[in-house]
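# Descriptive structure summary
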2 protein chains.
Amino acid sequence: MEINIRRAVKEDCPRLLELIKELALYEKAPDEVTVTLEHFEESGFGKNPVWWGFVAASPNPSKGGEEEIHGFALYYIRYSTWKGRRMYLEDIIVTEQMRGKKLGKLLFDRLIEEAKEKKFTGIVWQVLEWNEPAINFYKKYNASFDPEWINCSISV
Amino acid sequence: MEINIRRAVKEDCPRLLELIKELALYEKAPDEVTVTLEHFEESGFGKNPVWWGFVAASPNPSKGGEEEIHGFALYYIRYSTWKGRRMYLEDIIVTEQMRGKKLGKLLFDRLIEEAKEKKFTGIVWQVLEWNEPAINFYKKYNASFDPEWINCSISV
């Protein structure tokens, strides 16, 4: 199967938002997705983009070769006062029916390439403590795991 | 005592880096600070700033009223695919001898004001699970605490 990894463009946003909601459901927080399509597009492709992404896609022969997006990865630039500019991997997701076909690996490898190109000092992200398949995937990259920090938030 | 909260400027960077190292020591990770002054300045005040900050300062009468910086808060813009643009509070620190004088509160209130002005949907940050004084401080703001996520990272 032919899989293409390419940079996300504005036209991908509706599909990406679908996948974001699929991931939130898996993470048991479907109601937490309150971002709108308009805000999502503007934040990625407006005057001052704050996120960047890659999609994993393939042509669908039963739809005349029309491209289908099966997964994506989205990052923003984190500024660490310890390590400088780092890639913060906000989401990486592959649809359920396409798991086990190395799409996650292709996306993650592309992220590493991008992090090197942009001279980030590393990639950081978070994983839910019970998400074993994801943890096992990240272990292949010799990721460090640090459970000592608690996430805090307030709305304003 | 007169405390001024003002926006951080490039000239503050050497002092801010001192405070960052003080905080890292308190967080038991002094060797983790590998960012250079040059990179730190460039990231905050170069062509494409990726962080913004506020300092808490007061005039020192024994030094002819020269301004002294006792604390600061530094944030960057986080892009949440659930909540949109949020303020990520990377560091908030007050020097040991100035604790208990409400500098932390003044800085945090200023951050909330900034978050509202910039139309962020909220403020997010992390706290070490054993850092009780900080946790108690954040509780005053009715912060949500979510310990279910594990921090992951790789260097590239």
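Before reading on, note that the structure itself is shown above.
What comes next concerns the included structure.

The rules behind each value
Each chain carries its own residue numbering, running from 1 in the written order of its sequence. The order in which chains are written sets their letters, starting at A; the order in which ligands are written sets their numbers, starting at 1. Thresholds applied to this predicted model are a pLDDT of at least 70 for local features of residues and 80 or more for the giving and counting of side-chain atom pairs; totals over whole chains, interfaces and linings are not thresholded and use all residues. Processing note: side-chain calculations cover all non-hydrogen atoms of the structure and skip hydrogens and water entirely. Here a strand is any run of E in DSSP of at least two residues, a helix any run of H or I of at least four, and the numbering for each starts at the N terminus. With the radius of gyration taken over C-alpha atoms, the globule rule is written as 2.2 Å times the number of residues to the power 0.38. Each residue gets one of three labels from its accessible area relative to the maximum for its type: buried under 20%, exposed over 50%, partly exposed in between, using a 1.4 Å probe on protein chains only. For this analysis, residues touch if any pair of their heavy atoms sits within 4.5 Å. In this description, accessible areas are obtained by the Shrake-Rupley approach with a 1.4 Å probe, and a residue is regarded as covered only by the protein chains that are shown. Counted as positive: Lys and Arg. Counted as negative: Asp and Glu. His and the chain ends are not counted at all. Charge placement uses NZ in Lys and CZ in Arg. For Asp and Glu, CG and CD serve respectively. The copies are overlaid by a least-squares fit using only the C-alpha atoms of residues whose pLDDT is at least 70 in both copies. Comment: arc refers to directions from the helix axis out to C-beta atoms. Pairing between strands requires that DSSP locate at least two bridges from one strand to the other. Structural elements are reduced to axes, namely lines fitted to C-alpha atoms, with helices fitted over the stretch in contact, and the angle between N-to-C directions of any two is expressed from 0 to 180 degrees.

## Section: the overall build of chain A
- Each helix and strand counted, chain A has four helices and seven strands in total.
- Each helix and strand of chain A, placed in order from N terminus to C terminus, yields the pattern β-α-α-β-β-β-α-β-α-β-β.
- Against the 2.2 N^0.38 benchmark of 15 Å for 156 residues, chain A shows a C-alpha radius of gyration of 16 Å, consistent with a compact globule.
- Referenced to the eigenvectors of the C-alpha coordinate spread, the extents of chain A come out at roughly 50 × 35 × 35 Å.
- Looking at the 156 residues of chain A, the share that counts as buried comes to 53%.
- Look at the contacts in chain A between residues 6 or more apart in sequence, and 56% of them connect residues 24 or more apart.
- By element, 50% of the accessible surface of chain A is carried by carbon and sulfur atoms, the whole surface being about 7,900 Å².
- One finds the centroid of the 22 positive side-chain charges in chain A at a distance of 7 Å from the centroid of its 25 negative side-chain charges.

## Quick look at the relation of the copies chain A and chain B
- After a rotation of 180 degrees and a shift along the axis of 0.0 Å, chain A superposes on chain B with an RMSD of 0.0 Å. Within this description, the copies of the chain are treated as partners about a two-fold rotation axis. For chain A, the residue whose C-alpha comes nearest the rotation axis is A:Arg78, separated from it by 3.7 Å.
- Looking at chain A, 100% of its interface residues are interface residues in chain B too, so the copies touch through the same face.

## Describing helix H2 (residues 37-45) of chain A
- Listing the buried residues of H2(A) in full gives A:Phe40, A:Glu41, A:Ser43 and A:Gly44. Seen end-on, H2(A) carries its buried residues on one side only, within an arc spanning 165 degrees.

## Quick notes on the pairing of strand S5 (residues 122-128) of chain A
Residues and elements named next belong to chain A.
- Within S5, seven of the seven residues are buried, leaving the element largely enclosed by the surrounding structure.
- Of the two faces of S5, the one lined by Gly-122, Val-124, Gln-126 and Leu-128 and the one lined by Ile-123, Trp-125 and Val-127 are each fully buried.
- In this structure, strand S4 (residues 84-94) lies alongside S5, joined through two bridges in parallel fashion. Bridge assignment links Met-87 to a residue of S5, and that residue is Ile-123.

## Quick notes on the sheet that holds strand S6 (residues 144-146) of chain B
- The seven strands lie next to each other as S1(B)-S2(B)-S3(B)-S4(B)-S5(B)-S7(A)-S6(B), forming an open sheet whose pairing is mixed. Two strands in the sheet have a free side with no partner beyond their single neighbour: strand S1 (4-7) and S6 of chain B. Strand-to-strand twist in this sheet, taken as the mean axis angle between neighbours without regard to direction, amounts to 30 degrees.
- Most of the contacts of helix H4 (residues 132-139) of chain B go to strand S5 (residues 122-128) of chain B, to which it runs at about 155 degrees, and overall it touches strand S4 (84-94), S5 and S6 of chain B.

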